[in-house]
Amino acid sequence: MRLIAFALSICCLLGGCTAVDKPQIGVVPTVSPSEEPSFSREEVDIYAAVIESMVEDMNRFPFKRLYVVDGPVEGAGDPMSGFQRSTDAFSEPMKQALVERLDGLPPIGFIARAEEFQLGRNGMDGVKHHGVIITLGPIRRRSATRFHVGHSQWCGGLCGEWATSVVENIDGKWEVTGTTGPVSIS
């Protein structure tokens, strides 16, 4: 028995025993100050401006939860692209920065598969927990102070919007100043 306990102790010391917890939606692990961020403050501020603008437009609906698809999705502003998964998830430090930056909005959760949060037999009857699914596209630079970000918000078969926002730096603050290209609403 002592031999087994000794062997387990050695394995833990050499292998670094740690408990592995499943990440929960909306719970973002804390990042130590020594970790190098894998994002820029500009990215966080641009995505936050887009999400804030979307929530302002959605104020007529009482959403209790924001489910953000984890990572930029090509074609996010195109309703014909359907729900796609990101090939490159946001880093944990970026998720934490977004959650902190958007404090005051309904709780934010990062999800890999939108389909898992859709309600109804055909997935058209809304979103779990009275939520909305937000998909963000890659940030596209148009000038030093102007970017385009495709995005969508979906809360049911007759509750969706797809667009590309124009985000500009005005007096040091990133703001959505309009849209470019088609806007689709269901």
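Preceding block: the structure.
Residues numbered from 1 in each chain as written. Predicted model: local features only at pLDDT ≥ 70, side-chain atom pairs only at ≥ 80, totals over all residues. Heavy atoms only, no water.

### A short note on the overall build of the chain
Within the chain, the regular secondary structure consists of 3 helices and 7 strands. In the chain, the succession of α and β elements from N to C terminus is α-α-β-α-β-β-β-β-β-β. Taking all 186 residues of the chain together, the buried fraction comes to 39%. Of all intrachain contacts in the chain linking residues separated by at least 6 positions in sequence, the fraction that spans at least 24 positions is 60%. (Helix = DSSP H or I, 4+ residues; strand = E, 2+ residues; numbered from the N terminus. Buried < 20%, exposed > 50% of the residue type's maximum accessible area, 1.4 Å probe, protein only. Contact = heavy atoms within 4.5 Å.)

### With respect to the pairing of strand S3 (residues 131-143)
Note that strand S1 (residues 65-69) and S3 share 4 bridges and pair parallel. Across the sheet, the residue bridging to Val-68 is Ile-134, located in S3. As paired elements, S3 and strand S4 (residues 146-156) share 8 bridges and run antiparallel to each other. The residue bridging Arg-140 from the neighbouring strand is His-148, located in S4. (Pairing = 2+ DSSP bridges.)

### A word on the side chain of Asp-45
Residue placement: Asp-45 occurs in helix H2 (residues 41-57). With residues near it in sequence (within four places) discarded, Asp-45 still touches Arg-101 and Trp-174.

### Some points on empty space enclosed by the protein
Evaluated as defined, the whole model comprises 1 cavity of 30 Å³ or more. The calculated volume of the largest cavity comes to roughly 40 Å³. Looking at the lining of the largest cavity residue by residue, the classes come out as 4 nonpolar, 2 polar and 3 charged. (1 Å grid on protein atoms, 1.4 Å probe; cavity = no way out; pocket = protein on both sides within 12 Å on 5 of 7 lines; lining within 4 Å. Points joined across faces, edges and corners; volume = space filled by probe spheres on them. Nonpolar A, V, L, I, M, F, W, Y, C, P; charged D, E, K, R; others polar.)

### Considering the nonpolar core
By size, the foremost hydrophobic cluster in this structure holds 30 residues, and its most contacted members are Ile-51, Val-68, Ile-134 and Leu-136. Those elements that provide at least two residues to this core are H2, S1, helix H3 (92-101), strand S2 (108-111), S3, S4 and strand S5 (159-170). Counting residues per element, this core draws most heavily on H2, which supplies 9 residues. Not counting residues up to four positions away in its chain, the partners in contact with Ile-51 are Leu-66, Val-68, Leu-102, Leu-105, Ile-134 and Leu-136. Phe-117, Val-127, Ile-133 and Trp-154 belong to the second-largest nonpolar core, a separate cluster that totals 10 residues. (Core = buried A, V, L, I, M, F, W, Y, C linked by side-chain atoms within 4.5 Å.)

### Some points on the pairing of S2
Neither face of S2 is open: one carries Ile-108 and Phe-110, the other Gly-109 and Ile-111, and all of them are buried. Judged from the 4 bridges that link them, S1 and S2 form a sheet pairing that is parallel. Counterpart to Val-69 in the pairing with S2 is Ile-111. A crossover connection joins S1 to the parallel S2 through H3; in handedness this β-α-β unit is right-handed. (Right-handed = clockwise from strand over helix to strand, strands pointing away.)

### Describing H2
Over its 17 residues, H2 runs 24 Å from end to end, which matches the ideal 24 Å to within 8%, given 1.5 Å per residue. Those residues of H2 that fall on the buried side of the exposure criterion are Val-44, Asp-45, Ile-46, Tyr-47, Ala-48, Ala-49, Val-50, Ile-51, Ser-53, Met-54 and Val-55. Buried positions along H2 lie against S1, H3, S3, S4, S5 and strand S6 (173-179). (Expected span 1.5 Å × (residues − 1).)

### Re the environment of Arg-141
Secondary-structure assignment places Arg-141 in strand S3. Beyond its immediate stretch of four places on either side in the chain, Arg-141 contacts Glu-42, Arg-146 and Phe-147. A polar contact is formed between the side chain of Arg-141 and the backbone oxygen of Ser-143, at a distance of 3.4 Å. (Polar contact = N/O pair within 3.5 Å; in protein donor to acceptor, adjacent residues only side chain to side chain.)

Read these as layout, nothing more, since geometry by itself doesn't imply function.
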